[in-house]
2 protein chains.
Amino acid sequence: MISTNKIKQIKLLHQKKYRQQNKQFVVEGYKIVSDVVNSEYNIDEIYVTSAFKETIDFDTILISAKEMQRISGLKTPNNILAVVNIPEPKQKFDSSNKLILCLDSIQDPGNFGTIIRTANWFGINTIVCSPDTVELYNQKVLQSTMGAFVETQIFYTNLEEFLSNYKGNIYGTFLEGENIYKQNLRQEACIIMGNEGKGINEKISKYVTHKLYIPSAGKVKAESLNVSTATAVILSEFRR
Amino acid sequence: MISTNKIKQIKLLHQKKYRQQNKQFVVEGYKIVSDVVNSEYNIDEIYVTSAFKETIDFDTILISAKEMQRISGLKTPNNILAVVNIPEPKQKFDSSNKLILCLDSIQDPGNFGTIIRTANWFGINTIVCSPDTVELYNQKVLQSTMGAFVETQIFYTNLEEFLSNYKGNIYGTFLEGENIYKQNLRQEACIIMGNEGKGINEKISKYVTHKLYIPSAGKVKAESLNVSTATAVILSEFRR
């Protein structure tokens, strides 16, 4: 059972404004909900329908499929949905002695989520984002991570300030960069990925110490790679 | 000027059924429309609004921004839209002496489009798809290719039949595969990428001669890579 008022409240969490106001977000589906249950995130409530047959280590509230449809943010609703509390953003983070990723104004939720998933796959657990990068708690971002966001420290901060204090190598991809396949890539470094349309902002690019390029097969119609695709190629190259 | 009837016809092209019935599809935006103009595709009509300032080598029809809004399939309409004729599917294709990609039941239009874009970047111009792979002329697929589809031969065919006649190495990724970074990868080969949720179908996997694996950083929450991301890592590894 779920009250009409509660349904209304949860539906509002599909809008950024209300997520920020109520400090809560929504995730749906067994895999991602159980990843959140087994993480440091603090869960408010978990709703399930009678179709939910798995077990989960949290008290669940049984609702009808019709009610699930109303509170779900997905086209095809799942049989489990969690309302999770947004933690206080951490003020400090340690970026030394490891490979980290910096995102400059990534706008597409699917790209951002896929980048978090890919970074997690390659063992990167710190991502520093410009303040205008898409919001982490956007449901499309979270679902695209396939649960990887619970293992990733994601910070929003002024990148210029962060980079000006950063001590290691700073990598970025540019058309005039060096062939990535021929570089000796350092494992204690920061890799910057730029906006989908505009690439890395000029103010940010001046901090790049090593310009890289993923060679294409020549003059091809695709003038660039998608940013999440390029991130995958670069991280694979660093980790191989 | 555009008639109400024409508006209705173009709007219907945003549905697969009518694309197949009328043998036409729609692309929007200067880059992709000009890629199509400069390709072998046969264009029916190109509509522009007064905001269109570039030049294009085709007679255009001027319409109002409001009319563009009505015929556009995009949330934020562009100032140029082309209606293009679907060519007759080619019956024969040459898959020898090169690297080709096989897609087994890719369902997400964004993934398919991104794979075409990435393949084009790495110089692959032949993609063989199972009949249940998402339709090429879906607008989201085409837009995600960033124009690369005009340089790519894309075939839909029975993969079992195709693979049983294929002579070269056949690669696919599997959890039990060999570390891709340690393989001597052949450039005359076929790489199979599987469905987003289920991976490579059992009936197809028996044709794989070389099972590959992209190593993760250990036991991570992301249990796999997104299929377009994995394709990028694999193609980069073949081409580096």
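All values derive from a computational prediction rather than experimental measurement.

Novice: Can you help me understand the overall build of chain A in this one?
Specialist: Broken down by element type, chain A carries 9 helices and 10 strands. On C-alpha atoms alone, chain A measures out to a radius of gyration of 20 Å, which is about the 18 Å that the 2.2 N^0.38 rule sets for 240 residues. Dimensions of chain A along its principal axes, counting C-alpha atoms only, are 60 × 40 × 30 Å. Taking all 240 residues of chain A together, the buried fraction comes to 54%. Looking at chain A alone, contacts between residues at least 24 apart form 76% of all its contacts between residues at least 6 apart. On chain A, roughly 11,700 Å² of surface is accessible, and the fraction owed to carbon and sulfur atoms is 45%. Charge centroids of chain A, computed over 28 positive and 25 negative side chains, lie 4 Å from each other.

Novice: Hey, could you run me through the relation of the copies chain B and chain A in this one?
Specialist: Relating one copy of the chain to the other takes a rotation about an axis and a shift parallel to that axis. Under the fitted operation, chain B is carried onto chain A by 0.0 Å of movement along the axis and a turn of 180°, and the coordinates agree to an RMSD of 0.0 Å. Taken together, the rotation angle and the small translation identify this as a two-fold axis. Interface overlap between copies: 100% of the residues of chain B at the interface are likewise at the interface in chain A, consistent with a symmetric, same-surface contact.

Novice: Help me out: how do you make sense of the pairing of strand E8 (residues 169–179) of chain B in this one?
Specialist: Successive residues of a regular strand alternate their side chains across the two faces of the sheet. Residues and elements named next belong to chain B. Sheet topology note: the E8/strand E9 (residues 189–193) ladder contains 4 bridges and is parallel. Its bridge partner being in E9, Tyr171 is matched across the sheet by Ile191. Here E8 runs beside strand E10 (residues 210–213); their pairing, made up of 5 bridges, is parallel. The residue of E10 that forms the bridge with Glu178 is Leu212.

Novice: What is the right way to look at the nonpolar core in this model?
Specialist: A general feature of soluble globular proteins is that nonpolar side chains tend to end up buried together. By size, the foremost hydrophobic cluster in this structure holds 114 residues, and its most contacted members are Phe149(A) and Phe149(B). Apart from residues lying up to four places away in sequence, Phe149(B) is in contact with Phe25(B), Val27(B), Ile32(B), Val36(B), Tyr41(B), Ile116(B), Leu136(B) and Leu142(B).

Novice: Explain the sheet that holds strand E9 (residues 189–193) of chain A to me, please; I cannot follow it from the model alone.
Specialist: One key point about sheets: their strands pair by backbone hydrogen bonds, in either a parallel or an antiparallel sense. All names here are of chain A. As summarised here, the arrangement of the 6 strands in space is E7-E6-E5-E9-E8-E10, forming an open sheet in which the pairing is parallel. One side of each edge strand has no neighbouring strand; the edge strands of this open sheet are strand E7 (153–156) and strand E10 (210–213). Across the sheet, the mean angle from the axis of one strand to that of its neighbour is 30°, orientation sign disregarded.

Quick notes on the rules
- Residues numbered from 1 in each chain as written.
- Chains lettered and ligands numbered in written order.
- Predicted model: local features only at pLDDT ≥ 70, side-chain atom pairs only at ≥ 80, totals over all residues.
- Heavy atoms only, no water.
- Helix = DSSP H or I, 4+ residues; strand = E, 2+ residues; numbered from the N terminus.
- Rg over C-alpha atoms; globule rule 2.2 N^0.38 Å.
- Buried < 20%, exposed > 50% of the residue type's maximum accessible area, 1.4 Å probe, protein only.
- Contact = heavy atoms within 4.5 Å.
- Areas by Shrake-Rupley, 256 points an atom, 1.4 Å probe, with all protein chains shown as cover.
- Lys, Arg positive; Asp, Glu negative; His and termini not counted.
- Charge placed at Lys NZ, Arg CZ, Asp CG, Glu CD.
- Least-squares fit on C-alpha atoms with pLDDT ≥ 70 in both.
- Pairing = 2+ DSSP bridges.
- Core = buried A, V, L, I, M, F, W, Y, C linked by side-chain atoms within 4.5 Å.
- Axes fitted to C-alpha atoms, helices over the stretch in contact; angles between N-to-C directions.

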